[in-house]
Amino acid sequence: MRVKILGSAAGGGFPQWNCACRNCRALRAGTFQGKARTQTQVAVSSDDKNWFLLGASPDLRGQIEAEPELHPREGIRQSPIAGAVLCNADVDHTLGLLLLRELQTLRVHATESIRRILTEDNSMFGMLQRVPNQAIWNPFAPGTTFSLLDSKGEDSGLRCRSLSLGTHYPAYVSQQRRSGLVSREASLGLIIESPSGGRLACMPAVPQIEDTLLREFESADVLLFDGTFWSDDELIRIQGSGQTAREMGHVPVSLSLKKLAQLRSPRKIYLHINNTNPMLNEAGPEYRQVREAGWEIAEDGWQFDL
Ligand SMILES: [Zn+2]
């Protein structure tokens, strides 16, 4: 299985259009020791022909153009992108589906609750249902294992298991709709296994670290873990108001570094990094602390084989 990190920032990207935090300002001024990043997007493939997107980022168009393996190969209308697997219904995780609306057949693996939010409440997603079999939704239940099927329904050889991690739906979901949804279908982590047994754990939004999660991580070869915020009150301190990291469903890095310190086996990579996170600054103490603890900080364009 080949894994590509097409984007590694949290919602808003780095820099973020309306942000003048220390990081964003320094990056724009050219004085920042660190890299710009687009909004998180991971893609996996077992054969380098059919690619599956884990989520669908608002930056997807540019991310596809930046990656030759994702370009059309034969014919006039074609794409190696076979489908997507959704972890949640967040705007920065699903908006990219609307960028794939040019009548290309896609298979979308999602929980039934996430499918209902997108297709029944958000009429714009009707652009993915203009012709029969344009977007084919494959529902999955948390905790179950399923095969990633390509747009024709053929088994890619990749197996996916989802873990229910959070129960919060995005703010745009109406109260009325919420009452009819299954809370454990709100936010998931994915374990993707290659035909040869290589395991990727993709966990961009983790509200808390349970012991059962530690065991899952220990059996993975690569762990892509929630690196959104460094500290719980990061946004409140910078903006003067707002929610804590925990309230937004993200365990802060300063805590996950401690909680995951005993992990032995996986390669550990922080992903989904918010522009305010001080560990983006490669000259700073937070960056050094993360690297010395054996973690890497994902950058756009990384890829590896499992
Ligand atoms: Zn910023």
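K.L.:
Can you explain the overall build of the protein chain? Please cite residues and give values.
P.N.:
On a plain count of helices and strands, the protein chain comes out with nine helices and 14 strands. For 306 residues, the compact-globule formula gives about 19 Å, and the C-alpha radius of gyration of the protein chain, at 18 Å, lands near that figure. The C-alpha extent of the protein chain, read off along each of the three principal axes, is 55 × 45 × 40 Å. With 306 residues in all, the protein chain has 53% of them scored as buried. For the protein chain, restricting intrachain contacts to residue pairs at least 6 apart in sequence, the fraction spanning at least 24 positions comes to 68%. Of the accessible surface of the protein chain, which amounts to about 13,600 Å², a share of 48% is contributed by carbon and sulfur atoms. Seen as two clouds, the 33 positive and the 35 negative side-chain charges of the protein chain have centres 2 Å apart.

K.L.:
Which residues make up a nonpolar patch on the surface, and what values go with them?
P.N.:
A surface patch of nonpolar side chains, about 240 Å² in accessible area, is lined by V91, L95 and Y172. By secondary structure assignment, the location of V91 is in helix α3 (residues 91–94).

K.L.:
Please give an account of the sheet that holds strand β12 (residues 267–271) that cites residues and values.
P.N.:
As summarised here, the arrangement of the seven strands in space is β7-β8-β9-β10-β11-β12-β13, forming an open sheet in which the pairing is mixed. Of all the strands in the sheet, just β7 (145–149) and β13 (295–297) have a single pairing partner and so form its edges. Here the average twist between neighbouring strands, direction ignored, is 25°. Against the sheet, helix α9 (residues 285–292) engages β12 and β13, with an angle of about 130° to β13.

K.L.:
Describe in detail the sheet that holds strand β2 (residues 41–45), supporting the description with residues and values.
P.N.:
Pairing is mixed across the open sheet formed by seven strands, whose spatial order is β6-β5-β4-β3-β2-β1-β14. Two strands lie at the open edges of the sheet, namely β6 (135–139) and β14 (302–305), each paired on one side alone. With strand direction ignored, the average angle separating the axes of adjacent strands in the sheet is 20°. Examined bridge by bridge, β2 and strand β3 (residues 51–54) share three bridges and lie antiparallel to one another. Looking at the pairing, A43 lines up with L53 of β3. Each of β5 (106–110) and β6 is contacted by helix α4 (residues 112–121), which is oriented at about 145° to β6, the strand it contacts most.

K.L.:
Account for the layout of surface pockets, with residues named and values stated.
P.N.:
Space inside the largest pocket adds up to approximately 980 Å³. Forming the boundary of the largest pocket are 39 residues, of which D90, Q243, M248, G249 and H250 lie nearest the centre. Looking at the lining of the largest pocket, the elements that each hand over two or more residues are α3, β8 (155–166) and α7 (234–239). If you tally residues by element for the lining of the largest pocket, the top one is α7, at three residues. For the lining of the largest pocket, the class distribution of residues is 16 nonpolar, 19 polar and four charged. Its volume calculated, the second largest pocket comes out at about 500 Å³. Considering every element that reaches the lining of the second largest pocket, the biggest residue donor is helix α2 (residues 60–65), with three residues. Of the residues in the lining of the second largest pocket, the class split is nine nonpolar, four polar and five charged.

K.L.:
Which residues make up empty space enclosed by the protein, and what are the values?
P.N.:
According to the stated counting rule, one finds two cavities of 30 Å³ or more in the structure shown. Counted as a void, the largest cavity has a volume near 120 Å³. For the lining of the largest cavity, the residue count by class is four nonpolar, six polar and two charged. Reported here for the second largest cavity is a volume of approximately 30 Å³. Every residue along the wall of the second largest cavity is listed here: T40, V42, L54, C87, H93, C202 and P204. Partitioning the lining of the second largest cavity into residue classes produces five nonpolar, two polar and no charged.

Definitions and cut-offs
- Residues numbered from 1 in each chain as written.
- Predicted model: local features only at pLDDT ≥ 70, side-chain atom pairs only at ≥ 80, totals over all residues.
- Heavy atoms only, no water.
- Helix = DSSP H or I, 4+ residues; strand = E, 2+ residues; numbered from the N terminus.
- Rg over C-alpha atoms; globule rule 2.2 N^0.38 Å.
- Buried < 20%, exposed > 50% of the residue type's maximum accessible area, 1.4 Å probe, protein only.
- Contact = heavy atoms within 4.5 Å.
- Areas by Shrake-Rupley, 256 points an atom, 1.4 Å probe, with all protein chains shown as cover.
- Lys, Arg positive; Asp, Glu negative; His and termini not counted.
- Charge placed at Lys NZ, Arg CZ, Asp CG, Glu CD.
- Patch = residues over 30% accessible without salt bridge, like charges linked within 9 Å, V, L, I, M, F, W, Y side chains within 5 Å.
- Salt bridge = Lys/Arg side-chain N within 4 Å of Asp/Glu carboxyl O.
- Pairing = 2+ DSSP bridges.
- Axes fitted to C-alpha atoms, helices over the stretch in contact; angles between N-to-C directions.
- 1 Å grid on protein atoms, 1.4 Å probe; cavity = no way out; pocket = protein on both sides within 12 Å on 5 of 7 lines; lining within 4 Å.
- Points joined across faces, edges and corners; volume = space filled by probe spheres on them.
- Nonpolar A, V, L, I, M, F, W, Y, C, P; charged D, E, K, R; others polar.

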